Amino acid sequence: MKTGILCLAGWLAAGILLPGGDAMPTMEKFVSTEANFVLYKPAGWTVQEKAGEGMWSCCVLDSAGGGLVTQICLKNRFGPDAFAVIKTISAPTRTQFPDIRYSDIRRSADGTRLVYRFSYTAPRGRREGQGWITMRPKQCLVSVCEAPAGRLEAGKPLFLTILSNVRILKGGFPEGGAGGAAPAVPAVQWQNCRLGDGSASF
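K.L.:
Honestly, the overall build of the protein chain in this entry has me stumped. Any pointers?
P.N.:
What the protein chain contains, in helices and strands, is three helices and eleven strands. Ordered by position from N to C terminus, the α and β elements of the protein chain give α-β-β-β-β-β-α-β-β-β-β-α-β-β. Across the 202 residues in the protein chain, those meeting the buried criterion constitute 49%. Counting only carbon and sulfur atoms, one obtains 53% of the accessible surface of the protein chain, whose full area is about 9,700 Å².

The structure is reproduced here in structure tokens:
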């Protein structure tokens, strides 16, 4: 897991700007050579993948802008509560960016899904992001999108389109066990959402 987070943290440090314009870019297919997945990304965006014991991760970066999309799959050693995952995955990021702050943390009534926001200062300015965690009996899936401060909402249609089109191939999800409990956070009712152009549903 740490390798995936470090790849994310390295890109976060760049702090480059998200390009302007509302047009959806041309999408191209990317087939993993290491981590057993397929995704569709904007032409020119870079993909970095990591696979290790009990985890895989992919990071999709706009090297000319600053949009960043990350998806990580881990063995579920955390039990059914998604809050335990955010505590673990945040540790390497807090080391590199001590001022990172997590906010608007909400979970589903059964504790298996979590959504949160975060912000921090990179070398080239403030950044903000949003993450989603989904717990399954043997795996947990972490999805994150982020951008320079003030540009996250404008970039979300594209970021969510990338995340919704990640396809896991055979053997892509690791197997795992369960762990202990985690501190409670407020439970909320969840609502299905679909982008206006039909390219993604959450």
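This is not the end of the story, as more comes after the structure.
K.L.:
Would you mind showing me how to read the packing of aromatic side chains here?
P.N.:
Under the definition given, this model contains six aromatic pairs. Residues Phe30 and Phe37 carry aromatic rings whose centres are separated by 6.3 Å and whose planes lie at 35° to one another, so their mutual orientation is tilted. Neither residue differs from the other here; Phe30 and Phe37 are each classed as buried. An angle of 20° between the planes, with centres 5.2 Å apart, marks the rings of Phe37 and Trp56 as stacked.

K.L.:
Would you take a moment to explain the pairing of strand 8 (residues 125-135) for this structure?
P.N.:
Each regular strand shows side chains that alternate between the opposite faces of the sheet. Here strand 7 (residues 113-122) runs beside strand 8; their pairing, made up of ten bridges, is antiparallel. Among the inter-strand pairings, Val115 is bridged to a residue of strand 8, identified as Trp132. Linkage of strand 7 to strand 8, two consecutive antiparallel strands, is achieved through a turn of two residues. In terms of strand pairing, strand 8 meets strand 9 (residues 139-148) through nine bridges, oriented antiparallel. Its bridge partner being in strand 9, Thr134 is matched across the sheet by Leu141. Where strand 8 folds back onto strand 9 in an antiparallel hairpin, the turn is made up of three residues.

K.L.:
I'm lost on the pattern of salt bridges in this one. Help?
P.N.:
Two side chains carrying opposite charge are able to pair once their charged atoms lie near each other. Scanning all chains against the criterion turns up five salt bridges. Between Arg126 and Asp99 there is a salt bridge whose closest N-O contact spans 3.0 Å. Of this pair, Arg126 sits in strand 8 while Asp99 sits in the loop between helix 2 (83-96) and strand 6 (101-108), placing them 27 residues apart in sequence. Here Arg126 falls in the partly exposed class, since its relative accessible area comes to 37%. The partly exposed category is assigned to Asp99, whose relative accessible area is 27%. We note a salt bridge from Arg117 to Glu153, for which the minimum N-O separation is 2.8 Å. Placement of the pair is Arg117 in strand 7 and Glu153 in helix 3 (residues 152-164), with a sequence separation of 36 residues. Judged by its relative accessible area of 25%, Arg117 is partly exposed. Residue Glu153 is classed as partly exposed on the basis of its relative accessible area, which comes to 47%. Overlapping salt bridges, with partners in common, bring together Arg117, Glu153 and Lys156 in one network.

K.L.:
Quick question: what am I supposed to make of the side chain of Ser143 here?
P.N.:
Counting through the fold element by element, Ser143 comes out in strand 9. Exposure remark for Ser143: the relative accessible area of 10% places this residue in the buried category. Polar contacts involving the side chain of Ser143 include one to the side chain of Gln71, which spans 3.0 Å.

K.L.:
Which parts of the structure should I look at to understand the sheet that holds strand 2 (residues 37-42)?
P.N.:
Picture the strands of a sheet paired through backbone hydrogen bonds; they go either parallel or antiparallel. Strand order across the open sheet formed by three strands is 1-2-10, with antiparallel pairing between neighbours. The open sheet terminates on both sides in strands that have one partner only, identified here as strand 1 (27-31) and strand 10 (167-168). Sheet topology places strand 1 next to strand 2; five bridges connect them, and they run antiparallel. Of the residues in strand 2, the one forming a bridge with Glu28 is Lys41.

Cut-off values and rules
- Residues numbered from 1 in each chain as written.
- Predicted model: local features only at pLDDT ≥ 70, side-chain atom pairs only at ≥ 80, totals over all residues.
- Heavy atoms only, no water.
- Helix = DSSP H or I, 4+ residues; strand = E, 2+ residues; numbered from the N terminus.
- Buried < 20%, exposed > 50% of the residue type's maximum accessible area, 1.4 Å probe, protein only.
- Areas by Shrake-Rupley, 256 points an atom, 1.4 Å probe, with all protein chains shown as cover.
- Phe/Tyr/Trp six-rings, centres within 6.5 Å; stacked < 30°, edge-to-face > 60°.
- Pairing = 2+ DSSP bridges.
- Salt bridge = Lys/Arg side-chain N within 4 Å of Asp/Glu carboxyl O.
- Polar contact = N/O pair within 3.5 Å; in protein donor to acceptor, adjacent residues only side chain to side chain.

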